[in-house]
Amino acid sequence: EDQVTQSPEALRLQEGESSSLNCSYTVSGLRGLFWYRQDPGKGPEFLFTLYSAGEEKEKERLKATLTKKESFLHITAPKPEDSATYLCAVQAGGATNKLIFGTGTLLAVQP
Amino acid sequence: DTAVSQTPKYLVTQMGNDKSIKCEQNLGHDTMYWYKQDSKKFLKIMFSYNNKELIINETVPNRFSPKSPDKAHLNLHINSLELGDSAVYFCASSQDVWGKGEKLFFGSGTQLSVL
């Protein structure tokens, strides 16, 4: 069965303290791995798509990487405005664009 | 100019009632979705429509009925509401449903509370 597990569930960082979020997945035929950011009371907002092992993508203080079993979201020198829930999702093999989400990592960055 | 908008934002109702949530997207996308997010933040797909045609229909009670009058609108009607239906319901859209790596654009959610 296709599955996505994220860790840790919650992470508290000091401003400027770099860290990484993990997304482990089991999927038959990965078509894409996605990272979304969700702020309280809002819908998820797209950050990155990764397609194959070894691929990396960056956006400001965020960098996403992908291996055959997991993805990392590295946050370098975070700021309080980076506080949010970060969701990982996979698009499995099959005909449709059905995403399977993890339960997210709640990140709090304190000034 | 909101890309995916859904109404209402909050919905509080009694068990057994029937309610609807409306969704509209102005992105010109062909595909729309309903996702349910539980109290543990787990997002699970319920339905997907592509050009008004039902494409994805997950294991959802038949009390839930989606309706797509045109490709810019996807409404969700729920009959005989139960306590377990309490959750946040998100509408989303994408360019199409079969593309590899299609990113989703989400609405801001409808928080449904069944008392």
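Our subject is the structure listed above.
Quantities reported herein were computed from a predicted structural model and do not represent experimental measurements.

Turning our attention to the overall build of chain B. When helices and strands are tallied, chain B shows zero helices and 11 strands. Along the chain direction, N to C, the helices and strands of chain B fall in the order β-β-β-β-β-β-β-β-β-β-β. Over its C-alpha trace chain B gives a radius of gyration of 13 Å, about what one expects of a compact globule, namely 13 Å for 115 residues. For chain B, the C-alpha atoms occupy an extent of roughly 40 × 30 × 30 Å along the three principal directions. Classification of the 115 residues of chain B by burial places 44% in the buried group. Considering only residue pairs separated by 6 or more positions, chain B has 55% of its internal contacts joining residues 24 or more positions apart. About 5600 Å² of surface is accessible on chain B, with carbon and sulfur atoms providing 49% of the total. For chain B, the separation between the mean place of its 13 positive charges and that of its 12 negative charges on side chains is 5 Å.

What follows deals with the pattern of salt bridges. By the definition in use, this model includes eight salt bridges over all chains. Across the salt bridge formed by glutamate 56 of chain A and lysine 63 of chain A, the nearest N and O atoms sit 3.6 Å from each other. Of the charged contacts in the structure, one is a salt bridge between lysine 98 of chain A and glutamate 58 of chain B, with a shortest N-O distance of 3.3 Å. On the criterion of chain membership, the pair formed by lysine 98 of chain A in the loop between strand 9 (84-91) and strand 10 (99-101) and glutamate 58 of chain B in the loop between strand 6 (53-57) and strand 7 (64-70) is interchain, its members lying in two chains. One salt-bridge network, held together by shared partners, links Arg63, Glu82 and Asp85 of chain B.

We now examine the nonpolar core. Counting residues in each nonpolar core, the largest one holds 25 residues, and the members touching the most others are Leu33, Trp35, Leu73 and Tyr86 of chain A. Considering each element in turn, this core owes the most residues, four residues, to strand 9 of chain A. Core analysis: the second largest hydrophobic core is formed by 19 residues, Met32, Tyr49, Leu76 and Ile78 of chain B among them.

A separate point is the layout of surface pockets. Here the largest pocket is characterised by a volume of approximately 270 Å³. Considering the residues around the largest pocket, the lining is formed by 13 residues, among which Glu1, Asp2 and Ile100 of chain A together with Phe42 and Lys44 of chain B are closest to the centre. Those elements that provide at least two residues to the lining of the largest pocket are strand 1 (3-7) and strand 10 of chain A together with strand 5 (43-50) of chain B. Looking at the lining of the largest pocket, its residues break down into seven nonpolar, one polar and five charged.

Right, let's get into the environment of valine 97 of chain B. Relative to the elements of secondary structure, valine 97 of chain B occurs in the loop between strand 9 (87-94) and strand 10 (105-106). Sequence spacing of valine 97 of chain B and methionine 32 of chain B is 65 residues, and the spatial spacing of their C-alpha atoms is 8.4 Å.

Our focus in this paragraph is the pairing of strand 5 of chain B. All names here are of chain B. Among the eight residues of strand 5, seven are classified as buried, and the element is accordingly described as predominantly covered. Alignment of strand 4 (residues 31-37) against strand 5, held across seven bridges, turns out to be antiparallel. Bridge pairing in strand 5 places tyrosine 33 opposite serine 48. Where strand 5 lies against strand 6, four bridges are found, and the strand directions are antiparallel. Bridge pairing in strand 6 links asparagine 50 to glutamate 53. What sits between strand 5 and strand 6 in their antiparallel hairpin is a turn of two residues, with asparagine 51 showing a positive phi close to 50 degrees.

Rules behind the numbers
Residues numbered from 1 in each chain as written. Chains lettered and ligands numbered in written order. Predicted model: local features only at pLDDT ≥ 70, side-chain atom pairs only at ≥ 80, totals over all residues. Heavy atoms only, no water. Helix = DSSP H or I, 4+ residues; strand = E, 2+ residues; numbered from the N terminus. Rg over C-alpha atoms; globule rule 2.2 N^0.38 Å. Buried < 20%, exposed > 50% of the residue type's maximum accessible area, 1.4 Å probe, protein only. Contact = heavy atoms within 4.5 Å. Areas by Shrake-Rupley, 256 points an atom, 1.4 Å probe, with all protein chains shown as cover. Lys, Arg positive; Asp, Glu negative; His and termini not counted. Charge placed at Lys NZ, Arg CZ, Asp CG, Glu CD. Salt bridge = Lys/Arg side-chain N within 4 Å of Asp/Glu carboxyl O. Core = buried A, V, L, I, M, F, W, Y, C linked by side-chain atoms within 4.5 Å. 1 Å grid on protein atoms, 1.4 Å probe; cavity = no way out; pocket = protein on both sides within 12 Å on 5 of 7 lines; lining within 4 Å. Points joined across faces, edges and corners; volume = space filled by probe spheres on them. Nonpolar A, V, L, I, M, F, W, Y, C, P; charged D, E, K, R; others polar. Pairing = 2+ DSSP bridges.

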